[in-house]
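Architecture at a glance
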Amino acid sequence: MKNSKLFIVVLFALAMGGCITAPAGPPGPQGATGYTGETGAAGGTGATGATGYTGDTGATGATGYTGATGGAGAPGDTGATGATGNTGAKGNTGGRGSPNGGTVVIVPNH
């Protein structure tokens, strides 16, 4: 039992020691700076791609047909012949001369 009491006391001391902190000591010397590693070699240049093929030229289209020539129009009809005019009226016979040498007056017919 004596060991168990001693064990409890040690545990209690350790637990309390974690709660109580002492002031920090002086800082230690700074460590030396490490060496810089060597620069790696540059990578090689990639290969250039191959040039593509040129496409074929397209075929020329077919020539269209020439249209048919139109037919000649039918000849026109001959115009009608004009009617023959009427025969003029028969004129009157002139007056008979007078034997005495007087003037003769002619009156037109209406």
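For the structure itself, consult the block above.
Computed from a predicted model, the values in this text were never measured in an experiment.

1. Here we look at the overall build of the chain
Looking only at helices and strands, one finds one helix and zero strands in the chain. Out of the 110 residues belonging to the chain, those deemed buried represent 0%. Of the accessible surface of the chain, which amounts to about 11700 Å², a share of 58% is contributed by carbon and sulfur atoms.

2. Some points on a nonpolar patch on the surface
On the surface, L6, F7, I8, V10, L11 and L14 cluster together into a nonpolar patch covering about 630 Å² of accessible area. Secondary-structure assignment places F7 in helix α1 (residues 2–19).

Definitions and cut-offs
- Residues numbered from 1 in each chain as written.
- Predicted model: local features only at pLDDT ≥ 70, side-chain atom pairs only at ≥ 80, totals over all residues.
- Heavy atoms only, no water.
- Helix = DSSP H or I, 4+ residues; strand = E, 2+ residues; numbered from the N terminus.
- Buried < 20%, exposed > 50% of the residue type's maximum accessible area, 1.4 Å probe, protein only.
- Areas by Shrake-Rupley, 256 points an atom, 1.4 Å probe, with all protein chains shown as cover.
- Patch = residues over 30% accessible without salt bridge, like charges linked within 9 Å, V, L, I, M, F, W, Y side chains within 5 Å.
- Salt bridge = Lys/Arg side-chain N within 4 Å of Asp/Glu carboxyl O.

These results come straight from atomic positions and should not be treated as a statement about function.
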